[in-house]
Amino acid sequence: MNQISSDDIQQIAVDAGALVLENGGETYRSEDTVVHTAQSLGADAPSSFVTPTVVMVSFRDNGGTHYSYFRRIYRRGTNLRKLVMINNLSRSLERRCRISDARMIEHRIERINNTPDYPGAVVVAAAALNSFFFTLLFGGSLTDALCAFGIGAVLRLILKLLDKSTLNSFFISLLSGSVISMLADCIGLTALPVHTSVVMIGVLMQVVPGLALVNSIRDIIAGDFMAGTARLMDVLMTALGLSVGSAAGILFTGVVKGLL
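1. Here we look at the environment of glycine 258
No. 1: Position of glycine 258 relative to the elements: it lies in helix H10 (residues 225-259).
No. 2: Residue class for glycine 258 comes out exposed when judged on its relative accessible area of 63%.
No. 3: Put simply, glycine 258 and serine 165 are 93 residues apart on the chain and 34 Å apart in space, counted from C-alpha to C-alpha.

Below you can see the structure in the form of structure tokens.
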């Protein structure tokens, strides 16, 4: 591998760690990626500090000059395909194979970052099936599951439309809970033999932050108490938004029923 400048090392290492964090990876995994990437590129004694909103790297070059660099993280999601790709790139750097200069590495990282998500139709169908089978799992009938299938598809379509919005996760959770409860209650007004509570629970499962909860616990177990606690608070705020939104939707449809 050709000699890579310290400026490029810090940029590439933080880019790699940010990709891990933004796509659902744990804090310790992001730190490991930053450290291993910087070390593979020639950094001396690299160290990393990662929280859910910041990725930092610090190291020395061969002349003993100290470098530090950080980036603020504004978005977080889940994309396991990108996690696998950035992990493969990190391993390639560690083996020092096939990648010869900084520009090539940066191009690889940019290509991973711009990897298209699954088609919208696939995401909507998967969310609808998720709601369908969770409803059956919670003891719902086939009619309940079919209703959950439809509501789950509508909810995911709304969330896809909100992907580019500036709304934070709490308000999106609030909206999700409201949409689910109102649609379930509207179906309850029909002659269909539907258990609205089971339908609501089945659809809510697709927006429950399960991965974030697991990551927060893993971070705490790994000793990253600040990051783990921050993630846990994010999970609790999302759960609060879903709960308040669901209650508000039920109250709203109750008022409408009373007027009718």
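2. So, the state of the cysteines
No. 1: The final tally for this structure, using the stated rule, is zero disulfides.
No. 2: Note on cysteine 147: no disulfide assigned, nearest cysteine sulfur contributed by cysteine 186 at a separation of 12 Å.
No. 3: Relative accessible area serves as the criterion here: at 42%, cysteine 186 is assigned to the partly exposed category.

3. Notes on the pattern of salt bridges
No. 1: Across all of its chains, the model carries nine salt bridges by this definition.
No. 2: Between aspartate 15 and arginine 71 there is a salt bridge; the shortest N-O distance is 2.3 Å. Of this pair, aspartate 15 sits in helix H1 (residues 6-22) while arginine 71 sits in strand S3 (residues 66-72), and the two are 56 residues apart along the sequence.
No. 3: Classification of aspartate 15 by relative accessible area gives buried; the value is 15%.

4. A short note on the domain arrangement of the protein
No. 1: When its domains are assigned, the protein resolves into domain 1 (6-113) and domain 2 (120-259).
No. 2: Distance between the C-alpha centres of domain 1 and domain 2: 34 Å.
No. 3: On the side of domain 2, eleven residues touch domain 1, which itself brings 14 residues to the contact.
No. 4: Buried area between domain 1 and domain 2, both sides added, is near 910 Å², and the carbon and sulfur share of it is 52%.
No. 5: Among the residues of domain 1 in contact with domain 2, Glu26, Tyr28 and Pro52 are the three that bury the most area, contributing 45% of the side total.
No. 6: Ionic pairing is found between glutamate 26 and arginine 218, a salt bridge with its closest N-O pair at 2.7 Å.
No. 7: Joining domain 1 to domain 2, the criterion identifies five residue pairs in polar contact (both at pLDDT 80 or more).
No. 8: Of all the secondary-structure elements, those providing two or more residues to the side of domain 1 that touches domain 2 are helix H2 (27-40) and strand S1 (44-51).
No. 9: With four residues, H2 is the single largest residue contributor to the side of domain 1 that touches domain 2.
No. 10: Split by residue class, the side of domain 1 that touches domain 2 holds five nonpolar, five polar and four charged.

5. Quick look at the nonpolar core
The nonpolar side chains of a soluble globular protein tend to be buried with one another.
No. 1: By size, the foremost hydrophobic cluster in this structure holds 27 residues, and its most contacted members are Ile9, Leu41, Val55, Ile86, Ile105 and Ile109.
No. 2: Going through the elements one at a time, H1, H2, strand S2 (54-60), helix H3 (80-95) and helix H4 (102-113) are the ones with two or more residues in this core.
No. 3: The dominant element in this core, judged by the number of residues it contributes, is H1, at nine residues.
No. 4: Counting 16 residues, the second-largest nonpolar core is a separate cluster that includes Ile180, Val199, Val203 and Val207.

6. A closer look at the pairing of S3
No. 1: Across seven bridges, the pairing between S2 and S3 is antiparallel. Following the sheet pairing, valine 57 is matched in S3 by tyrosine 69.

7. Regarding the packing of aromatic side chains
No. 1: Across all of its chains, the model carries five aromatic pairs by this definition.
No. 2: Ring geometry for phenylalanine 59 and tyrosine 67: centres 5.6 Å apart, planes at 15 degrees, overall stacked.
No. 3: Look at phenylalanine 59 and you get buried, because its relative accessible area is 1%.
No. 4: For tyrosine 67, a relative accessible area of 22% corresponds to the partly exposed category.
No. 5: On the numbers, 5.1 Å between centres and 85 degrees between planes, the contact of phenylalanine 132 with phenylalanine 133 is edge-to-face.
No. 6: Exposure remark for phenylalanine 132: the relative accessible area of 13% places this residue in the buried category.
No. 7: Here a set of aromatic residues connected by ring pairs shows up, and it is made of Phe132, Phe133 and Phe149.
No. 8: When the ring centre of tyrosine 118 is taken as origin, the NZ or CZ atom of arginine 81, which lies over that ring, is 4.4 Å away.

About the cut-offs
Residues numbered from 1 in each chain as written. Predicted model: local features only at pLDDT ≥ 70, side-chain atom pairs only at ≥ 80, totals over all residues. Heavy atoms only, no water. Helix = DSSP H or I, 4+ residues; strand = E, 2+ residues; numbered from the N terminus. Buried < 20%, exposed > 50% of the residue type's maximum accessible area, 1.4 Å probe, protein only. Disulfide = S-S within 2.5 Å. Salt bridge = Lys/Arg side-chain N within 4 Å of Asp/Glu carboxyl O. Domains from an automatic or database assignment. Contact = heavy atoms within 4.5 Å. Buried area = accessible area lost by both parts, 1.4 Å probe. Polar contact = N/O pair within 3.5 Å; in protein donor to acceptor, adjacent residues only side chain to side chain. Nonpolar A, V, L, I, M, F, W, Y, C, P; charged D, E, K, R; others polar. Core = buried A, V, L, I, M, F, W, Y, C linked by side-chain atoms within 4.5 Å. Pairing = 2+ DSSP bridges. Phe/Tyr/Trp six-rings, centres within 6.5 Å; stacked < 30°, edge-to-face > 60°. Lys NZ or Arg CZ within 6 Å of the ring centre and 35° of its normal.

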